[in-house]
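Secondary and tertiary structure notes
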Amino acid sequence: MLTSLARFAMTRPRAVLVTALLLMIVCGGFGATVKSHMVGGGYLTNSLESVRANDFIDQNFPGGNPNLIIMVSSDAGVNSPQTRAEAQRITDQLTGDSEITGVQSYWTSGTARPDLATALKSKDGHRGLIMATVTGTDTQVQNRAAALGKDLNGDRDGVQVRVGGMAGTFADINDQVEKDLLLAEAIAVPVSGLLLVLVFGSVVAAALPIGVGLFAIAATMGILRLLTTVMDVSVFALNMTSALGLALAIDYSLFIVSRYREELAQGRDTRSAIVRAVQTAGRTVVFSGLTVALALAALAVFPQPFFQSFAYAGVAVVIAAVGASVLLLPAALMLLGDRVNAWDLRKPLRRLLGRPEPVAKQPEETFWYRLVTWVMRRAVPVAVIASAVLLALGSPFLKAHFGTPDDRVIGTFAPARQVGDALRSDFSADMASSAVIVLPGFHGAPAQLAGYAHDLSQVPGVPAVLSSEGVFMNGQKMAAGIPQMTGPQGAYLSVGTKLAPYSAAGKQQLAELRAVPAPGSTLFAGAAALNEDTTDAVVARLPLAAGLIAVITFILLFLFTGSVVLPLKALLLNMLSLTATFGAMIWIFEQGHLSGLLGFTATGNIDMFMPILMFCLAFGMSMDYEVFLLSRIREEWLASDRSKAANTRSVALGVARTGRIFTAAAGLMAVVLLAVATSEVAPMKLFGIGLALAVISDATIIRGLLAPALMRLMSTGNWWAPKPLAALHERIGLEESPADAVAGGHRAGDERDQRSDDTESDAQAVGERDGVASSAGRV
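What you see is a predicted model; the values in this text were computed from it and never measured.

As a further point, take the overall build of the protein chain. Scanning the protein chain from N- to C-terminus turns up 27 helices and 14 strands. Seen through its principal axes, the protein chain has C-alpha atoms that stretch 95 × 50 × 45 Å. Here the protein chain holds 779 residues, and 59% of them are scored as buried. Across the protein chain, contacts joining residues at least 24 apart in sequence account for 78% of those joining residues at least 6 apart. A total accessible area of about 29,500 Å² is found for the protein chain, and carbon and sulfur atoms account for 62% of it.

Here is the structure:
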């Protein structure tokens, strides 16, 4: 199939490239408006108790659980004429909006609702709140909140207006994510181009991966926009899948272009060099894409749109990156021919510095060979020390606290963040964090509801409980109730809180509220309940997702290597690497170290969705490097006498021949990911820094130290499999025949210079005219 694709592209190179350009324009144009069709978080499902409670309130008590909070501030105080006039203007505007219900404010509560008026005024009297509910789907709510923010946010005659609440928070995040995407791409593309020039030397060769990467970005935008027509897609997918598409496209193009240049250096003509590059490097690209796509597909087991959007969009983006690499590159290379090496900057630079032409080295003379032989002579201490270091780095993960994000994920420049900070510090109760308790179908005696509100008000950290039967504080009825909180379909109560909902104290308070005997069935809503429900829903699916990834990875590596030991080793090393990465992320983002340097606010917990997403992505990427390394080691092993000494030498040669290329690929991927970390949204920083650290540590500590050490200790046992499985692998394994592998191994040391050895595995060229492909994993 790959050979057919390559020949198709070579036969019609201009048509393929023009079609790709048109597709890129169409996808880019279609996807230009994708942000306005995405949901802010995508963390919720209709099955959650807190979501059902909120839906009940929206249907029966409009405005009972507001999602929009507008803060009006003035140094002259909330009762100054200017402040009152501005607040009245905003209240009238919201009341007249058909998409907004339940408008209430400090200025309209007055003597009728003194309890509410007190809660809606800051302690110093300089800030007052207007609360309302924006109706509609998540996308409609966020778009309406964004429009309100553009209209209302600002300073007028000494009066400051800021739009916040859940709706305002996600509107601000949506807007910032779009800005961050442009900045990340503006950093990643030119820096990656510069690094590719350093890797290739040739400006023309370096431009090819960048071109494929730009195509992947445009395709990503179109794919995301298409998905928004059939499902909710999280706004965080915008940056993450774009970064994934760019990183994979550059990496995959690096493999194929490197192989093509090496084939030209071996004396092949343009056409046969392209076919050979696609047969070898292209097969590795396809296998790598398969591992990443299957790891992302496991996210589909979670019901949340956040995960499902990454599952579907991520798989589509990986397919786009792979397809562009194995189809567009052959077309471009066919037109370029040997001009792919044009504009080689290394030659004039060497002349300028007075340095001689580099001399090709044998594998045994390289840094990687010397490093790995040193490691394998000290396999036990290296394995113990490296493992201990990784476990130490991962130790903070044992104390991780997970939660759902709030307004603090964005910087203090955002209006929603300013509203949130004021609610937490300047008001007697955080109106955005209040718990709401729904009693669907309640028709009991008023005294029962009053008794329930009385008991709830005695829970520590609760300043007041509002109900239709009275406002209770510390077990005492302080004011008349609010009749609108009871209706034919049931009743609800609003429970204020002084505690952060995601803190340990906030979680304990929620447990105590749930423990208070109720006069009927209850549904809990609010920030703390929403966080608890979401966490429970995610944790319930974790074992299934992790099991799927482990089983799929094991099967793929078995088919590739024929061993049951190497897949287990790969799973162990991946878990060790990811544990260290997550520990570092907890140390930085939850505990707050480096928060000043990186520009985020530590909240004492970490967004639970990001580690799961990072795990799937990092696992797939690690398998990419694992396959790349094992393919070369196995080739050397099959070409050897299968002794213990041969195992050691095969490992050393395999790392020596691939070390340069996978470290270059890891460096390029890290650049793209760190560009994402420039975001002003904390989960995006976590994503970028965490994955970059995972990729770099995997390409250095794992592949350079731990993997060689363990393969030395396991010796010939590396290649063991039970006889039934060994027989199965002979029939369906993803590799060439042993005879071809041996021939390719002998050719490796005799005919290729070190540059070729560092870039790809050698293969015996059989059936050049028919384009018979070599091992699935070799480059």
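All right, on to the nonpolar core then. If you look at soluble globular proteins, the nonpolar side chains tend to sit buried side by side. Ranked by internal contacts, the top residues of the largest apolar core, which has 166 residues, are Ile173, Phe236, Leu299, Phe306, Met610, Leu613 and Phe687. In this view, Ile173 contacts Val235, Phe236, Val409, Ile410 and Val681; residues no more than four positions away in its chain are not counted. Grouped together as the second largest cluster of nonpolar side chains are 32 residues, Leu94, Ile130, Val134 and Val161 included.

The next point concerns unusual backbone geometry. Positioned with a positive phi, Asp157 is a non-glycine residue whose angle comes to about 50°. With respect to the secondary-structure elements, Asp157 resides in the loop between strand E4 (154-156) and strand E5 (159-164). Notably, Arg642 is not glycine yet its phi reads approximately 65°, a positive angle. Mapped onto the fold, Arg642 is located in the loop between helix H22 (609-638) and helix H23 (644-676). Assessed through its relative accessible area of 39%, Arg642 is described here as partly exposed.

On the surface, Val18, Leu21, Leu22 and Ile25 cluster together into a nonpolar patch covering about 380 Å² of accessible area. Secondary-structure assignment places Leu22 in helix H2 (residues 13-30).

Take the pairing of strand E1 (residues 68-74) next. Burial analysis of E1 places 7 of its 7 residues in the buried class, which makes it a mostly covered element. Alternating residues of E1 divide into Leu68, Ile70, Val72 and Ser74 and Ile69, Met71 and Ser73, and every residue in both groups is buried. The pairing of E1 with strand E3 (residues 127-134) spans 6 bridges and is antiparallel. Bridge pairing links Ser73 to Arg127 in E3.

Tallied over the entire structure, the rule returns 19 salt bridges. Between Asp175 and Lys179 there is a salt bridge; the shortest N-O distance is 3.2 Å. Here Asp175 pairs with Lys179, and both are found in helix H8 (residues 165-200), just 4 residues apart, close to one helical turn. Ionic pairing is found between Asp406 and Arg408, a salt bridge with its closest N-O pair at 2.8 Å. On the basis of relative accessible area, Arg408 is assigned to the buried category, the value being 15%. Salt bridges linked by common partners bring Glu49, Arg514, Glu532 and Asp533 together as one network.

With that settled, the discussion passes to the packing of helix H9 (residues 203-228) against helix H10 (residues 236-265). Interaxial distance between H9 and H10 falls to 8 Å at its minimum, and their mutual angle equals 150°. Taken together, the axes of H9 and H10 lie roughly antiparallel to each other. With respect to the hand of their crossing, H9 and H10 are arranged in right-handed fashion. Seen from H9, the contacting residues are Ala205, Leu208, Pro209, Ile210, Val212, Gly213, Ala216, Ile217, Thr220, Met221 and Leu224; seen from H10, they are Ala237, Leu238, Thr241, Ser242, Gly245, Leu246, Ala249, Ile250, Ser253, Leu254, Val257 and Arg261. When grouped by side-chain class, the residues that make up the contact of H9 with H10 number 16 nonpolar, 6 polar and 1 charged.

Here we come to the packing of aromatic side chains. Counted according to the given criterion, the structure contains 14 aromatic pairs. Plain terms: the ring middles of Phe56 and Phe61 are 6.2 Å apart, the flat faces sit at 50° to each other, and that makes the pair tilted. For Phe56, a relative accessible area of 13% translates into the label buried. Between Phe306 and Phe307, the ring centres sit 5.4 Å apart and the planes meet at 85°, which makes this aromatic pair edge-to-face. We classify Phe307 as buried; its relative accessible area is 0%. The positively charged end of Arg514 is found above the aromatic ring belonging to Phe524, 4.8 Å away from the centroid.

It is worth spelling out the side chain of Asp698 at this point. With respect to the helices and strands, the residue Asp698 is situated in helix H24 (residues 682-714). Contact partners of Asp698, with chain neighbours within four places excluded, come to Asn574, Ser577, Ser622, Tyr625 and Arg703.

Attention now moves to the confidence of the model for the protein chain. Per-residue confidence for the protein chain averages 83 on the pLDDT scale, and 92% of its residues sit at or above 70. Note that residues 736-779 has pLDDT below 50 and, in this model, 138 contacts with residues that lie over four places away or in other chains.

Right, let's talk about the environment of Ala646 for a bit. As for its placement among the helices and strands, Ala646 is situated in helix H23. Given the relative accessible area of 9%, Ala646 is considered buried. Residues Ala646 and Ser715 lie 69 residues apart in sequence; the distance between their C-alpha atoms is 9.1 Å. With near-sequence residues (within four places) excluded, Ala646 lies in contact with Trp637, Ser640 and Asp641.

Definitions and cut-offs
Residues numbered from 1 in each chain as written. Predicted model: local features only at pLDDT ≥ 70, side-chain atom pairs only at ≥ 80, totals over all residues. Heavy atoms only, no water. Helix = DSSP H or I, 4+ residues; strand = E, 2+ residues; numbered from the N terminus. Buried < 20%, exposed > 50% of the residue type's maximum accessible area, 1.4 Å probe, protein only. Contact = heavy atoms within 4.5 Å. Areas by Shrake-Rupley, 256 points an atom, 1.4 Å probe, with all protein chains shown as cover. Core = buried A, V, L, I, M, F, W, Y, C linked by side-chain atoms within 4.5 Å. Patch = residues over 30% accessible without salt bridge, like charges linked within 9 Å, V, L, I, M, F, W, Y side chains within 5 Å. Salt bridge = Lys/Arg side-chain N within 4 Å of Asp/Glu carboxyl O. Pairing = 2+ DSSP bridges. Axes fitted to C-alpha atoms, helices over the stretch in contact; angles between N-to-C directions. Parallel < 35°, antiparallel > 145°, perpendicular 65-115°, else oblique. Left-handed = near helix turned anticlockwise from the far one by under 90°. Nonpolar A, V, L, I, M, F, W, Y, C, P; charged D, E, K, R; others polar. Phe/Tyr/Trp six-rings, centres within 6.5 Å; stacked < 30°, edge-to-face > 60°. Lys NZ or Arg CZ within 6 Å of the ring centre and 35° of its normal. pLDDT = per-residue confidence, 0-100.

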